[in-house]
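The chain contents come next:
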Amino acid sequence: MNYHGEPLDLMPTLNLTQIRPLLECTLSLTQPIDVDRLQAAVRATQTVVPQIQGRYNVTWNRFEVDEPSGQQPVIDEYPASHDPERVRLDVLAGPQLKIQVIHHAGYDRVRLAMSRLLTDGEGFKHYLYLLSAAYAGDDLTRFVNERSGRRLVSYLRHPHRPLPSLTDLMQPGDPFPTLRGDVHHHHGETVISRLETQRLQRKARQSGVTLNAVLLAAYALALATLTGSRHLVIPAQVDLRLHGPVAATNVVQVANLTSEMPIPITVNELATLADVVQQVQATLSELHDQLAYLTPLVEINRMSRALPPQIVRRLASKYRPTAAVSFANFGRIDQARLQFAGSRVSQVYFAGAYQTMPYFQLTASGYRDAWTLAFRMLGSEPDYQLGIKILKNVATQLTQWVH
């Protein structure tokens, strides 16, 4: 069975050689999970999102799903002593989802990876909530998955209002440094405590800025401090679900419905976080008012109507080069909707795919009023040490800003 992809599914395929198109989520559970029950829950979600068992056809931008007898297992189990620490998933061969259950003494850790070709960060959360409902035994037959981005773009775009060009903004800044050494997979995480998060939120409100602008500014300041790159272009994500019509309660959106706006940031030598935050917030507000987040979506929708996916991909990669540094804010995870009956989720955080240096991405996600900053990379040991320094510098900048 073939399921046609949407035009926005092409966006994560523009640089498959340097960036693994995956999203990752790690859950720490207070008790062991029932693996058989989890497998049954995955099968139940396939009635709503059948593409998770498919392979992705790059040529035709579609997901090809075999008969049940030919489908591959999704869940792997490991003892803590043999934790592979990362998920291996080839989205071109399928499936589009992989789950690792790592058994510890008295509790489990569950690591999930999902195809970025199938969904974005918010869509990944939609799938997790659906999986949680299936694990609880809920009937999923009433749920439908809405993947179309054209309806949202049509709803948001004013017919007589021209959209700005992002060509000038997309000019790359100083590149991330290439550091020599043996290449390995690395990851890093740091938690901003509930108390510090509350202080950040309070200070952001008092300053008239969003927490997303604060995180983005701290990231830019850390990059400038540690790499010497003072002219940066960091894409900011915009979830179209927040701006479009309200979906029905039985509709999930495991889909690519997030756009990006390149945010130019100049960090002067004596700039403080307060200075950079105001600059970032002003740029974000201006681009939002101009509906700049619609520009790349309108372009790729227009090309998709007349051209085959391979040509669209080639043209789009020319006017939309992959950003050297990027930032992904997964937002808050709803703890009431993420429950695995009998096993409470004590911690959850998201991360992007492993990116081949010098491409680097920082991610942020919130759970139970605490935020986790994380990165995944494929690089040398010096690359990894620089990534850790960036992570710690961002956390330090945030702490100092509220004190």
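Residues numbered from 1 in each chain as written. Predicted model: local features only at pLDDT ≥ 70, side-chain atom pairs only at ≥ 80, totals over all residues. Heavy atoms only, no water.

1. Some points on the overall build of the protein chain
Turning to step 1, where the next piece is worked out: Broken down by element type, the protein chain carries 9 helices and 17 strands.
Turning to step 2, where the next piece is worked out: Here the protein chain has a C-alpha radius of gyration of 21 Å; the compact-globule value for 403 residues is 22 Å, and the two agree.
Turning to step 3, where the next piece is worked out: Considered along the principal axes of its C-alpha atoms, the protein chain spans approximately 60 × 55 × 45 Å.
Turning to step 4, where the next piece is worked out: Scored against the burial criterion, the 403 residues of the protein chain give a buried share of 54%. (Helix = DSSP H or I, 4+ residues; strand = E, 2+ residues; numbered from the N terminus. Rg over C-alpha atoms; globule rule 2.2 N^0.38 Å. Buried < 20%, exposed > 50% of the residue type's maximum accessible area, 1.4 Å probe, protein only.)

2. Here we look at the UniProt feature "domain: Condensation" (unreviewed entry) in the protein chain
Turning to step 1, where the next piece is worked out: Those residues carrying the UniProt feature "domain: Condensation" (unreviewed entry) are residues 195-289 in this numbering.
Turning to step 2, where the next piece is worked out: Between the first and last C-alpha atoms of residues 195-289 the distance is 33 Å; the span itself is 49% helix and 21% strand. (UniProt positions renumbered as here; feature names shortened; annotations may be inferred.)

3. Overview of the packing of aromatic side chains
Remark: the centre distance and the inter-plane angle together describe each pair of aromatic rings, the angle taken between the planes.
Turning to step 1, where the next piece is worked out: Taken as a whole and assessed by the stated rule, the structure comprises 7 aromatic pairs.
Turning to step 2, where the next piece is worked out: Ring plane angle 45° and centroid distance 5.4 Å describe the contact between F360 and F375, whose orientation is recorded as tilted. Taken as a pair, F360 in strand β16 (residues 360-367) and F375 in strand β17 (residues 370-379) lie far apart in primary sequence, 15 residues in all.
Turning to step 3, where the next piece is worked out: By relative accessible area, F375 is classed as buried at 0%.
Turning to step 4, where the next piece is worked out: By way of ring pairs, the aromatic residues F124, F330 and F350 are connected into one cluster.
Turning to step 5, where the next piece is worked out: Above the plane of the ring of Y135 lies R37, whose end atom (NZ or CZ) is 4.5 Å from the centre. (Phe/Tyr/Trp six-rings, centres within 6.5 Å; stacked < 30°, edge-to-face > 60°. Lys NZ or Arg CZ within 6 Å of the ring centre and 35° of its normal.)

4. Topic: the side chain of N301
Turning to step 1, where the next piece is worked out: Its location among the elements puts N301 in helix α7 (residues 295-306).
Turning to step 2, where the next piece is worked out: According to the relative accessible area criterion, N301 is buried, its value standing at 5%.
Turning to step 3, where the next piece is worked out: Sequence-distant contacts of N301, defined by excluding residues within four places in its chain, comprise P7, R150 and V153. (Contact = heavy atoms within 4.5 Å.)

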